[in-house]
Amino acid sequence: MGCQMNEHDSERLAGLLEADGLVPATDIDDADVVVVNTCCIRENADNRLYGQLGHLKSVKDRRPGMQIAVGGCLAQKDRDLVRARAPWVDAVWGTHNVGRAAELLALARTGAPVTEILDEADGSAELFPSALPVRREQGWAAWITIQVGCDNKCAFCIVPAVRGPEVSRPFGQIVDEVADLARAGTVEVTLLGQNVNSYGRDLTSARRSDPQWMDSPAVTGPAWADAERPRARPLFADLLETVARIPGIRRVRYTSPHPKDLRPETIAAMASEAAVCPHLHFPLQSGSDRILAQMHRGYDAERYLAKLAAARAGIDDLAVTTDIIVGFPGETDIDFARTLEVAAAAAYDSAFTFIYSPRAGTEASARSDQVAPEVIAERFERLRVVVERSALAKHQAREGRIEEVVVEGPSKRNPKVLSGRTAQGKLVHFPPGEGQVLLAGSFADVKILRGAPHFLTGELLEVTAMPTHRRRLPVSAA
Ligand code: SAM
Ligand code: SF4
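Fair warning: this is a prediction, and the values are worked out from it, not measured in the lab.

J.: When you look at the pairing of strand 2 (residues 67–72) in this model, what are you seeing that I'm missing?
T.: Remember that side chains alternate between the two faces of the sheet whenever the strand is regular. Counting buried positions over the 6 residues of strand 2 gives 6, a clear majority of the element. The alternating pattern of strand 2 places Gln67, Ala69 and Gly71 on one face and Ile68, Val70 and Gly72 on the opposite face, and all of these are buried. Pairing of strand 1 (residues 33–38) with strand 2 involves 6 bridges; the strand directions are parallel. The residue bridging Val34 from the neighbouring strand is Ile68, located in strand 2.

Laid out in C-alpha cells, this is it:
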C-alpha cells in the first residue's frame, strides 16, 4: 500500500511465507492467507485499510478457514485498534517484527488471534528486510535495504514514530547481498533507506566496539578499515562506490536522500562510477524558507539550490526529481509563490507532489492553521503546471538521442508496446521489432522520437544484452 520500503517489506513477507510452504494465489477468493501490508505516510490509509478489511470479511464469511493478517506502519501506529475495529483479523504485526509473520500466523491457527507490536527490533535479521528470504518480483532488479528508521524530525512526517531511529546495516552484509544477487543475474540495485545518504552515521566507534558488531571492515567497509583510517565512519559514498564496482551490476540507484546530507563525496562517486545512474531524487518539500524552518528541514531554498547546482556541475547529464508538499499548515500565498519559483529554478525532470495530510501524533497535525482544501487544490494545480513545463522541456531535449534502456515489460496501457527505463530513470515506450519477444531485464538501444511530460517514446535500434537472471518457473505438484 505504500513507499518502496513498504513494497520491499511485502517482497520479504512473500519470501517468508513461501519459505514456510505457501504458494502465491492469483485471486483473493482462492487465498488461504491474505496479508495487508499497510503504510501510513500519506493519504487516508486508515479508511483504505478498513474498507479493504470489510471486503475481506465477506470473503472470510464464505470461507471461514481463511486467515487475514495486517502488518506495516499503520498497524505499528494503531496497534490494538486494528483488531478492535476488525475483530475478524487473525494476526497483526508491526514494522519491527515482519520476520515473525509465519510464526504469528501459525500461532493464530492454533489458538486465539494475535497482535504483536514491538517498539524496536531485536536483531539485525529483523531490522534489515533483505537479511530474510525475499520473493523478488523482478529478478533483474532488486531493492536492498541499507538503513532503516530516521533521526530527523520533520514536522509533517510519521516515519520516525513508526520506523524508529536510524540504524545502518553493516557494510559487508550489503556488499555480500549485492554480490550474491549479481551472481544470480541481477543487473540493477536500488539502495533503500528513509534517509539513505546519511548511511553510516550511526556506525560510530561506540557501536563498532559492541562485541556483536565488532570493529571490522565487515561492518565499516574497506575505506574505514584502511591502515590510515581516513574517516571516522563509512560514508554513503563509500558504499555507492563499492556496490557500483561489483561485477555484473550495471545500474545502481538509491532513494530517498535528504538534501541536507548530500555530501561532495556522494556527488564525486556518482560522477566517477559509471554504474551509478545519473539521477538524483532531491526532495524540496517547500520553497519557502519560513515553511522549511517550520518543517525542520535543515536547509533553506538558497542552500538547496546551491547543492543542486553543485550536483549538476559535477554529474554529467543529471536527471533531478523531487517531492513537494502543498498546504503545510500556515502556508500563505507568498510561501506558495516561493515554492513555484524554486521549483521553476530547479527545473525538475519530474516531481511527486503531495497534498499535505495531517498524520496524528506529528508536530504539524496539532496546528490550528490548517490550509483549506480548496486553496490546496488550486495551488496543487498551479504546481503541476510548473513541474510539467520543465519536465516537457527536459524530455523534448532528449529527442533524437540514443538511450540505453532496460526493458521492464509490456506497457500498461498498450501491451503491443514495450516499456523500459533509461539510466536517468525515464520511462520509454517503444514497439518491439516484428515478431520479436524482448524479455524483462534485456538491454536495448532506443532512439528517442518524442518527449512528453511523463514519458518518452522511441524506436528500437538494437538489443544489446539479454537477461541472465534466474527466472521463476511454475512448478506443478504432480
Ligand atoms: N526521507 C525523505 C525526505 O526527507 O525527503 C522522504 C521520505 S517520505 C517517506 C516520502 C515523501 O512523503 C516525503 O518526501 C514527503 O514529500 C511525503 N510526505 C511525508 N509525510 C507527508 C504528509 N504528512 N503529507 C503529505 N506528504 C507527506
Ligand atoms: Fe520523514 Fe523527514 Fe525522516 Fe524524511 S527525513 S523520513 S521526511 S522525518
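J.: Please clarify how the nonpolar core should be interpreted in this entry.
T.: Generally speaking, a soluble globular protein has its nonpolar side chains buried in company with each other. Counting 65 residues, the largest nonpolar core has Ile144, Ile146, Leu191, Leu239, Leu240 and Val252 as the members making the most contacts within it. If one sorts the elements of this core by residue count, helix 8 (residues 171–183) sits on top with 7 residues. Those residues in contact with Leu191 that sit more than four places away from it in its chain are Ile144, Ile146, Val196, Phe236, Leu239, Leu240, Val252, Arg253, Tyr254 and Thr255. Counting residues in each nonpolar core, the second largest holds 29 residues, with Val34, Val36, Leu56 and Ile117 among its members.

J.: Even after reading the chapter, I still don't get the site of ligand 1, so can you show me in this structure?
T.: Ligand 1 sits among 16 residues. The nearest are Arg42, Gln194, Gln285, Asp323 and Ser357. Backbone polar atom of Phe156 to a nitrogen atom of ligand 1: 3.0 Å apart, as the coordinates give it. Burial of ligand 1 by the protein chains amounts to 93% of its free accessible area of 560 Å². Of all the secondary structure elements, the ones that give two or more residues to the shell around ligand 1 are strand 11 (319–326) and strand 12 (350–355). When the residues that make up the shell around ligand 1 are grouped by side-chain class, the tally is 7 nonpolar, 5 polar and 4 charged.

J.: Can you help me understand the side chain of Gln147 in this one?
T.: Relative to the helices and strands, Gln147 is located in strand 6 (residues 147–148). A distance of 3.3 Å separates a polar atom in the side chain of Gln147 from the backbone nitrogen of Gln194. Only 2.9 Å separates the side chain of Gln147 from the backbone oxygen of Asn195, close enough to count as a polar contact.

About the cut-offs
- Residues numbered from 1 in each chain as written.
- Chains lettered and ligands numbered in written order.
- Predicted model: local features only at pLDDT ≥ 70, side-chain atom pairs only at ≥ 80, totals over all residues.
- Heavy atoms only, no water.
- Buried < 20%, exposed > 50% of the residue type's maximum accessible area, 1.4 Å probe, protein only.
- Helix = DSSP H or I, 4+ residues; strand = E, 2+ residues; numbered from the N terminus.
- Pairing = 2+ DSSP bridges.
- Core = buried A, V, L, I, M, F, W, Y, C linked by side-chain atoms within 4.5 Å.
- Contact = heavy atoms within 4.5 Å.
- Near = heavy atom within 4 Å.
- Polar contact = N/O pair within 3.5 Å; in protein donor to acceptor, adjacent residues only side chain to side chain.
- Areas by Shrake-Rupley, 256 points an atom, 1.4 Å probe, with all protein chains shown as cover.
- Nonpolar A, V, L, I, M, F, W, Y, C, P; charged D, E, K, R; others polar.

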